[in-house]
Amino acid sequence: METSKIYKDLLERVGRSEGERGSKVYLRTFGCQMNVRDSQLLKGLLLQEGFSLTDREQDADVVIFNTCAVRKHAEDRVFSILGGIGKRKERIGRPRVIALVGCMAEEWKERAFEKAGYLNIVCGPNDLYRLPLAIRNAFFSPDRRIVLVGSPSREEDFYRKGNWFVEGESAFVIVMEGCNNFCSYCIVPYVRGRERSRPWQEVVSEVKKLVAQGVSKFTLLGQNVNSYQGGVDFPDLLEKVAMVEGVKSLSFATSHPKDATDRLFEVMARYPNIEKYLHLPLQSGSDRILKLMNRGYTFEDYRRKVDSYRQIVSGGKISTDLIVGFPTETEEDFQKTVEAVKSIGFDCAYIFKYSPRPFTKASMMGDDVPLEAKERRHQILLSLQKEISLQKKDKFGGCDFS
Ligand code: SAH
Ligand code: SF4
Ligand code: F3S
């Protein structure tokens, strides 16, 4: 369905016609599935607060970029696209509010105004609930610079108010947020904050509401879903959601290898509506590098997890994340990752070049692997994985299991 048609249907549902009141918002999303869901919740909230939505940036009174901070390359891209929009701001001939929201906002805080003087609002992921009011304030006093960051968690009301916004028959449901793992390369714990779980009753009731709106395919989201502690643990939560009538397909992401248990695999095997698919980021095949990354497992531990997953969930698929060029990574370390990829035989792998991020421990180690070596290692893993995925007769590249 065309997006504008979806907006219209949604507006009708809350008894409002398009453009009736408030300003037109253009919202663009970068980053992970959690950001996709955050954007939907934000759209739901904005519509409830009297804004309308547009797919055309040129038509918008409010431009919002919901952003990702996990790699520098993605950040540079955001500043470059947003910069183009910022340049046109004066020429547009009517007031316009530009907001940087999400993980980059939490990372940059007020420094974002130095980098991008055209911004009116900087709003981190835990403060999105306050964004509609901030937009109104920004129209009221255009010279003010509004910074909303630093909240340790978000109001449950954010979920309740935005929850009704769905696009099609699939939906993401956030079950936990934040991360306590502090992998040495990763900025996520600094921008999303510490782990906290939504009560299981809230999760189940959100799923039921979405089923009533025609959703049948669900993905439960969290930075590390297996750390879920919302009154029950994650395998129990998964089971509770699988049992909701109308849930035809259920999956989840992401699992940290140190916390994925046999009980989780048993629940996956038991319910026909749970997808037999596990995303289990390995990051590196070298124990020395895994230790420096603070991942909390060795390759042998990882291998054993995969063996029991495959034993319990017959025909289960598996995907992973890998980083090449972590500080001090030698050819020998890299070869261990190559061997790991060969021996596990992933159905799909997302492969990243290491990029130093602010606040992280690894950023203090120096970025000593030359770009040329990172690129070569990246290419080697990409073509190796392409070959493996082809052998497994999956579409290569896109990690698309449909
Ligand atoms: N919580 C999830 C996702 C984290 S971000 C998890 O733990 O798996 C997604 C992926 O980005 C990570 O798995 C990692 O492979 C990659 N990544 C994170 N920080 C990175 C960095 N500084 N440079 C390159 N890749 C990075
Ligand atoms: Fe980042 Fe590690 Fe947490 Fe994943 S588990 S979000 S990679 S710190
Ligand atoms: Fe990026 Fe934030 Fe997700 S840093 S990966 S959008 S949690």
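Residues numbered from 1 in each chain as written. Chains lettered and ligands numbered in written order. Predicted model: local features only at pLDDT ≥ 70, side-chain atom pairs only at ≥ 80, totals over all residues. Heavy atoms only, no water.

1. Notes on the overall build of the protein chain
Test applied: Only DSSP runs of H or I reaching four residues or more are called helices, and only runs of E reaching two or more are called strands; each is numbered from the N terminus. Radius of gyration means the value over C-alpha atoms here, while the globule rule gives 2.2 Å times the residue count to the 0.38 power. Note on exposure labels: buried denotes an accessible area under 20% of the residue type's maximum, exposed denotes more than 50%, and partly exposed covers the range between, all computed with a 1.4 Å probe on protein chains only. Only heavy atoms matter for contacts: two residues are in contact if any of them lie within 4.5 Å across the pair. In this description, accessible areas are obtained by the Shrake-Rupley approach with a 1.4 Å probe, and a residue is regarded as covered only by the protein chains that are shown. His is not counted, nor are the chain ends; Lys and Arg add positive charge and Asp and Glu add negative charge. To locate a charge, take atom NZ for lysine, CZ for arginine, CG for aspartate or CD for glutamate.
Of the regular secondary structure elements, the protein chain holds 15 helices and 14 strands. The C-alpha atoms of the protein chain give a radius of gyration of 22 Å, which matches the 21 Å a tight globule of 402 residues would have. Structurally, the protein chain occupies a C-alpha span of about 60 × 50 × 35 Å along its principal axes. Counting across all 402 residues of the protein chain, residues that qualify as buried make up 55%. Looking at the protein chain alone, contacts between residues at least 24 apart form 77% of all its contacts between residues at least 6 apart. For the protein chain, the accessible surface area stands at approximately 17,400 Å², while carbon and sulfur atoms represent 51% of it. Charged side chains in the protein chain number 62 positive and 55 negative. The centres of these two groups are separated by 2 Å.

2. Quick look at the pairing of strand 1 (residues 24-29)
Counted only if it meets this: Strand pairing follows a simple DSSP-based rule, namely that at least 2 bridges must link the two strands. Handedness is read with the strands pointing away from the viewer; a crossover is right-handed when the path from the first strand over the helix to the second is clockwise.
Pairing geometry for strand 1 and strand 2 (residues 52-53), over 2 bridges, is parallel. From the neighbouring strand, Lys 24 faces strand 2, where its bridge partner is Ser 52. For the handedness criterion, the β-α-β arrangement of strand 1, helix 2 (residues 33-48) and strand 2 is classed as right-handed. Pairing between strand 1 and strand 3 (residues 62-67): 5 bridges, direction parallel.

3. Structural notes on the domain arrangement of the protein chain
Defined as follows: Domain delimitation in this document rests on an assignment produced automatically or drawn from a domain database. Once two parts are joined, some of their accessible surface, as seen by a 1.4 Å probe, is lost; buried area is that loss totalled over both. Should a side-chain nitrogen of Lys or Arg be within 4 Å of a carboxyl oxygen of Asp or Glu, the pair is scored as a salt bridge. Here a polar contact is taken to be a pair of N or O atoms separated by no more than 3.5 Å, where protein atoms must pair a possible hydrogen donor with a possible acceptor and residues adjacent in sequence count only if both atoms sit in side chains. Under the grouping applied here, Gly and all other residues not named as nonpolar or charged are polar, the nonpolar ones being Ala, Val, Leu, Ile, Met, Phe, Trp, Tyr, Cys and Pro and the charged ones Asp, Glu, Lys and Arg.
We note that the domain assignment places domain 1 (5-148), domain 2 (166-275) and domain 3 (280-392) within the protein chain. For domain 1 versus domain 2, the separation of C-alpha centres amounts to 27 Å. Together domain 1 and domain 2 conceal approximately 1,700 Å² of surface at their shared face, both sides included; 58% is due to carbon and sulfur atoms. Looking at the side of domain 1 facing domain 2, the largest losses of area belong to Gln 33, Met 34 and Arg 37, adding up to 38% of the total buried there. One salt bridge in this structure joins Glu 206 and Arg 37, with 3.1 Å as the shortest N-O distance. Remark: the boundary between domain 1 and domain 2 carries 6 residue pairs in polar contact (both at pLDDT 80 or more). Contributing elements (two or more residues each) for the side of domain 1 that touches domain 2: helix 1 (3-13), helix 2 and helix 4 (103-108). In terms of residue count, the dominant contributor to the side of domain 1 that touches domain 2 is helix 2 (9 residues). When the residues that make up the side of domain 1 that touches domain 2 are grouped by side-chain class, the tally is 9 nonpolar, 4 polar and 6 charged.

4. A look at the sheet that holds strand 7 (residues 170-174)
For the record, the criterion: Angles shown run from 0 to 180 degrees and are taken between the N-to-C directions of axes, each axis being a line fitted to C-alpha atoms and, for helices, limited to the stretch in contact.
Sheet architecture is open: 3 strands sit in the order 7-10-11, paired in parallel fashion. Looking at the sheet topology across the chains shown, the edges are occupied by strand 7 and strand 11 (249-253). Each adjacent strand pair in this sheet contributes to an overall mean axis angle of 20°, direction not counted. As defined by bridge partners, strand 7 adjoins strand 10 (residues 217-221) across 5 bridges and the pair is classed as parallel. When the sheet's bridge partners are listed, Ile 174 is paired in strand 10 with Leu 221. Running at roughly 155° to strand 11, helix 10 (residues 234-242) makes contact with strand 10 and strand 11 of the sheet.

5. Thoughts on the packing of aromatic side chains
Operational definition: Between 30 and 60 degrees the pair is tilted, below 30 it is stacked and above 60 it is edge-to-face, where a pair is any two Phe, Tyr or Trp rings, Trp via its six-membered ring, whose centres lie within 6.5 Å. We count a charge as sitting over a ring when the NZ of a lysine or the CZ of an arginine lies within 6 Å of the ring centre and within 35 degrees of the ring normal.
On inspection of all chains with the given rule, the structure shows 11 aromatic pairs. Note on Phe 182 and Tyr 190: the rings are 5.5 Å apart at their centroids and 75° apart in plane angle, and the pair reads as edge-to-face. Residue Phe 182 is classed as partly exposed on the basis of its relative accessible area of 29%. Here the aromatic cluster, defined as three or more aromatic residues joined through ring pairs, consists of Phe 182, Tyr 190 and Phe 359. The ring of Phe 79 carries Lys 115 above its face, with NZ or CZ at 5.2 Å from the centroid. We note Lys 240 situated over the ring of Trp 200; from NZ or CZ to the ring centre the distance is 4.1 Å.

6. Here we look at the site of ligand 2
Under the convention used in this document: A single heavy atom is enough: if one lies within 4 Å of a molecule or strand, its residue is considered near that molecule or strand.
Surrounding ligand 2, one finds Cys 179, Asn 181, Phe 182, Cys 183, Tyr 185, Cys 186, Val 188, Pro 189, His 256 and Arg 295. Taken together, the residues of the shell around ligand 2 sort by class into 7 nonpolar, 2 polar and 1 charged.

7. Looking at the site of ligand 3
In the vicinity of ligand 3, the residues found are Cys 32, Asn 35, Cys 68, Ala 69, Val 70, Cys 103, Arg 192 and Gln 223. By residue class, the composition of the shell around ligand 3 is 5 nonpolar, 2 polar and 1 charged.

8. Brief notes about the pairing of strand 14 (residues 348-353)
Inspection of the sheet shows strand 13 (residues 317-324) paired to strand 14 by 6 bridges, in the parallel sense. Of the residues in strand 14, the one forming a bridge with Ile 323 is Phe 352. You can see the chain leave strand 13, run along helix 14 (residues 331-344) and come back into strand 14, and the turn it takes is right-handed.

9. Observations regarding the nonpolar core
Selection rule: Residue types Ala, Val, Leu, Ile, Met, Phe, Trp, Tyr and Cys, when buried and joined through side-chain atoms within 4.5 Å, form a set referred to as a nonpolar core.
One finds Leu 220, Phe 234, Leu 238 and Tyr 302 to be the most contacted residues of the largest nonpolar core, which totals 55 residues. In this structure, Phe 234 is in contact with Val 175, Leu 220, Val 225, Asn 226, Tyr 228, Phe 252 and Leu 264, ignoring residues within four places of it in sequence. Residues Phe 51, Ala 138, Leu 148 and Ile 174 belong to the second largest nonpolar core, which totals 31 residues.

10. Quick notes on the environment of Lys 161
Locating Lys 161 in the fold gives a position in helix 7 (residues 156-162). The class for Lys 161 is partly exposed, based on a relative accessible area of 28%. In contact with Lys 161, other than residues within four places in its own chain, are Gly 44, Leu 45, Gln 48, Glu 49 and Tyr 129.

11. A look at the pattern of salt bridges
Under the criterion given, the structure shown has 33 salt bridges. One salt bridge in this structure joins Asp 233 and Arg 263, with 2.6 Å as the shortest N-O distance. In this pair, Asp 233 is assigned in the loop between strand 10 and helix 10 and Arg 263 in helix 11 (residues 262-270), connecting sequence segments 30 residues apart. On the accessibility criterion, Asp 233 (27% relative accessible area) is partly exposed. Between Asp 259 and Lys 258 there is a salt bridge, with the nearest N and O atoms lying 3.3 Å from each other. Take Lys 258: its relative accessible area is 37%, and that puts it in the partly exposed class.

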